[in-house]
Amino acid sequence: MFLSKTNRPPVSLSRITKETGNAPDLSSKIIVQVGTVTDDVRLTEIPKLTIAALRFTTAAKERILNAGGEALTLDQLALRAPTGSNTILLRGKRNTRESVKHFGMGEFVHSVLFQLGFKEASARPS
């Protein structure tokens, strides 16, 4: 659980429902996310889900509980399913961070340049 924030990307409720929509016997499965579960207001209804995660946003936890589901911590998951059976492990997209846009070889290879303020730009040696 001691991962950097880069390795703990968040997952929204809409992505969870999209990824687990085809899963057989979803009511008996526990969805596991090592990171944060966030709310998605574009999703009007969520099914009854049992989700275990490191952290939930307040709106996401409220929506899960109102739908009749459960929001578990990973400690509670370890007591309920010690071997990890009947679980679905999900992971968020790691390259959706804003800083990833700035990685690259330079100006012409699909990377975004950092914008400097006026003072920093004028103080740079040319």
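It should be emphasised that the depicted structure is a prediction, and the values quoted were computed from it without experimental measurement.

(A) Region of the structure containing the pattern of salt bridges. Here the structure, examined in full by the defined rule, presents four salt bridges. As a salt-bridge pair, Arg42 and Asp40 come within 2.9 Å of each other at their nearest N and O atoms. Overall, Asp40 belongs to the buried group, its relative accessible area being 8%. Residues Arg80 and Glu70 are paired through a salt bridge, measuring 3.0 Å at the closest nitrogen-oxygen approach. With Arg80 in helix H3 (residues 74-80) and Glu70 in strand E4 (residues 70-72), this pair connects stretches of sequence that are ten residues apart.

(B) Representation of the environment of Glu19. With respect to the helices, strands and loops of the structure, Glu19 is situated in helix H1 (residues 13-19). Spatially, the C-alpha atoms of Glu19 and Leu90 are 8.3 Å apart, while their sequence positions differ by 71 residues.

(C) Summary view of the nonpolar core. Leu13, Ile16, Ile31, Val37, Ile51, Phe56 and Ile64 are the most contacted members of the largest nonpolar core, which totals 16 residues. Where this core is concerned, the elements lending two or more residues are H1, strand E2 (30-38), strand E3 (50-56), helix H2 (58-66) and strand E5 (87-90). Among the elements that line this core, the one with the most residues is E3, at three residues. Discounting residues that sit within four places of it in the chain, Ile31 has contacts with Ile16, Thr20, Leu26, Leu49, Thr50, Ile51, Ala52, Ile88 and Leu90.

(D) Summary view of the environment of Gly35. By the secondary structure assignment, Gly35 is in strand E2. When its relative accessible area of 1% is taken as the criterion, Gly35 is described as buried. Residues within four places of Gly35 in sequence aside, it is in contact with Arg8, Ala53, Leu54 and Arg55.

Each value, and the rule that gives it
- Residues numbered from 1 in each chain as written.
- Predicted model: local features only at pLDDT ≥ 70, side-chain atom pairs only at ≥ 80, totals over all residues.
- Heavy atoms only, no water.
- Salt bridge = Lys/Arg side-chain N within 4 Å of Asp/Glu carboxyl O.
- Buried < 20%, exposed > 50% of the residue type's maximum accessible area, 1.4 Å probe, protein only.
- Helix = DSSP H or I, 4+ residues; strand = E, 2+ residues; numbered from the N terminus.
- Core = buried A, V, L, I, M, F, W, Y, C linked by side-chain atoms within 4.5 Å.
- Contact = heavy atoms within 4.5 Å.

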